[in-house]
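Read off the chains here:
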Amino acid sequence: MSQRNNVQSSEKPQVYKVGIYGWRKRCLYLFVLLLMILILINLALTIWILKVMNFTIDGMGNLRITEKGLKLEGPSEFLKPLYAKEIQSKPGRPLFLQSSRNVSVNVVNGNNQLLTQLVTGSSGFQARGKMFEVKSTSGKLLFSADEQEVVVGAERLRVMGAEGAVFSKSVETSHVRAEPFKELRLESPTRSLLMEAPKGIQILAEAGDIQAICRNELRLESKDGEISLDARRIRLMRLPEGKASISSSSSGTRQSVYEVCVCPNGRLFLSQAGTGSTCQISNNVCL
């Protein structure tokens, strides 16, 4: 009995350990340390991004969220299409749009069909639409263009080119006037110049002369009326002078007085005046 008790007392009680020990524990601590380092790095990067992008309660960077919409302060760049109901600048500040190629403003209908287009590019400025209008601040029409006509509503149309205005077709106007102290010149270098009016054409120069120059013929024709030359002095320059025959010419003195003669074809010439008409004598000009 005593021997059994000694055997039982000599045996130590067994202790069972609960947990992770050894290399597993070291790996776990290492993973936790790496996770903490990643969390700190992620937190630092997040704070840096928030600082760089200027994130605030009102918005991000130059972008601010207001009651009226989005507000951009400073230059902004859009890499994708921008859809907005209204784009306006600050009060008193200009609105500046810049592109390396072109800036296009399109207006489409519900079927995505193009109605109006405004394109500004390196090649120039283009506008497409049914009608184009330019109005003043008071609402007065200054310029209008459509498929039928072009209207200039300004009080004065000024053409500054050295060659003036060129019209390939007819020009309809009620008044043609030069600027003060300037000359009015109507010229057709290679074709004819035609002026028509159902109630008459009036050419008036109140403080100067009127000069009509042509290369071949200048014709004044009135089918149902008459042509009146009303002036204090009428001069016909460079009229040809008829030559009288030797028998009918005066023997000595040279005549300085001439009479104006008219050929059957309407040509005018000068003939030395005599006691009677000398047109028939010196009518060799009419031949």
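Residues numbered from 1 in each chain as written. Predicted model: local features only at pLDDT ≥ 70, side-chain atom pairs only at ≥ 80, totals over all residues. Heavy atoms only, no water.

Trainee: Whenever I open this one, the overall build of the protein chain confuses me. Can you help?
Mentor: Along the protein chain, the regular secondary structure elements total 2 helices and 11 strands. Along the protein chain, helices and strands appear, N-terminal first, in the series α-α-β-β-β-β-β-β-β-β-β-β-β. Within the protein chain, the fraction of its 287 residues that count as buried is 6%. Within the protein chain, contacts between residues at least 6 apart in sequence are counted, and of these 13% link residues at least 24 apart. Looking at the protein chain as shown, the accessible area adds up to about 28700 Å², and 54% of this sits on carbon and sulfur atoms. (Helix = DSSP H or I, 4+ residues; strand = E, 2+ residues; numbered from the N terminus. Buried < 20%, exposed > 50% of the residue type's maximum accessible area, 1.4 Å probe, protein only. Contact = heavy atoms within 4.5 Å. Areas by Shrake-Rupley, 256 points an atom, 1.4 Å probe, with all protein chains shown as cover.)

Trainee: Sorry if this is basic, but what is going on with the state of the cysteines here?
Mentor: As used in these notes, a disulfide is a covalent bond between sulfur atoms, one from each of two cysteines. Summed over the entire model, instances satisfying the criterion amount to 2 disulfides. Between the sulfur atoms of Cys-263 and its disulfide mate Cys-286 the distance is 1.7 Å. With the S-S bond torsion at -80°, the cross-link from Cys-263 to Cys-286 turns out left-handed. Of this pair, Cys-263 sits in the loop between strand 10 (258-262) and strand 11 (268-272) while Cys-286 sits in the segment after strand 11, and the two are 23 residues apart along the sequence. Since its relative accessible area comes to 4%, Cys-263 is described here as buried. Of the residues examined, Cys-286 reaches a relative accessible area of 22% and is grouped as partly exposed. Bonded cysteines in the protein chain are paired 1-3, 2-4 when counted in the order they occur along the chain. (Disulfide = S-S within 2.5 Å.)

Trainee: I'm lost on the UniProt feature "transmembrane region" (unreviewed entry) in the protein chain in this one. Help?
Mentor: The sites that UniProt annotates as "transmembrane region" (unreviewed entry) are residues 27-50. Structurally, residues 27-50 comprises 100% helix and 0% strand, and the distance from its first C-alpha atom to its last is 34 Å. (UniProt positions renumbered as here; feature names shortened; annotations may be inferred.)

Trainee: So what exactly am I meant to see when it comes to helix 2 (residues 23-52) here?
Mentor: Side chains of residues three or four places apart in an α-helix project in the same direction, reflecting 3.6 residues per turn. Relative to the 44 Å expected for 30 residues at 1.5 Å per residue, helix 2 spans 43 Å between its end C-alpha atoms, a close match to the ideal helical length. The positive-phi residue at the C-terminal boundary of helix 2 is Asn-54, with phi of around 60°. (Expected span 1.5 Å × (residues − 1).)

Trainee: Where do I start with the pairing of strand 2 (residues 63-66) in this structure?
Mentor: Successive side chains on a regular strand alternate, one facing one side of the sheet and the next facing the other. Examined bridge by bridge, strand 2 and strand 3 (residues 69-72) share 4 bridges and lie antiparallel to one another. Bridging across to strand 3, Ile-65 finds its partner in Leu-70. What sits between strand 2 and strand 3 in their antiparallel hairpin is a turn of 2 residues. (Pairing = 2+ DSSP bridges.)

Trainee: What's the story with the sheet that holds strand 9 (residues 150-152) in this structure? I'm lost.
Mentor: Whether parallel or antiparallel, the strands of a sheet pair through hydrogen bonds between backbone atoms. Ordered in space as 7-8-9, the 3 strands form an open sheet in which the pairing is antiparallel. The two strands at the open ends of the sheet, each matched to only one other strand, are strand 7 (131-135) and strand 9. Looking at each pair of strands side by side, their axes are set apart by 5° on average, direction ignored. Where strand 8 (residues 141-146) lies against strand 9, 3 bridges are found, and the strand directions are antiparallel. For Ser-144, the partnering residue across the bridge sits in strand 9 and is Val-151. (Axes fitted to C-alpha atoms, helices over the stretch in contact; angles between N-to-C directions.)

Trainee: Where do I start with the packing of aromatic side chains in this structure?
Mentor: Note on aromatic pairs: each is described by the distance of the centres and the angle between the planes. A complete count under the given rule lists 1 aromatic pair for this structure. Centroid distance Phe-132 to Phe-143: 6.3 Å. Interplanar angle 65°. Geometry classified as edge-to-face. Of this pair, Phe-132 sits in strand 7 while Phe-143 is found in strand 8, placing the two residues 11 residues apart along the sequence. Phe-143 gets classed as partly exposed once you look at its relative accessible area, which sits at 29%. (Phe/Tyr/Trp six-rings, centres within 6.5 Å; stacked < 30°, edge-to-face > 60°.)

Trainee: What exactly am I supposed to notice about unusual backbone geometry here?
Mentor: Keep in mind that most residues, glycine aside, have a negative phi and that most peptide bonds are trans. Within the chain, Asn-112 stands out as a residue other than glycine whose phi angle is a positive 65°. Located in the positive-phi region is Arg-238, a residue other than glycine, with phi close to 60°. Of note, Arg-238 is situated in the loop between strand 9 and strand 10. Residue Arg-238 is classed as exposed on the basis of its relative accessible area of 85%.

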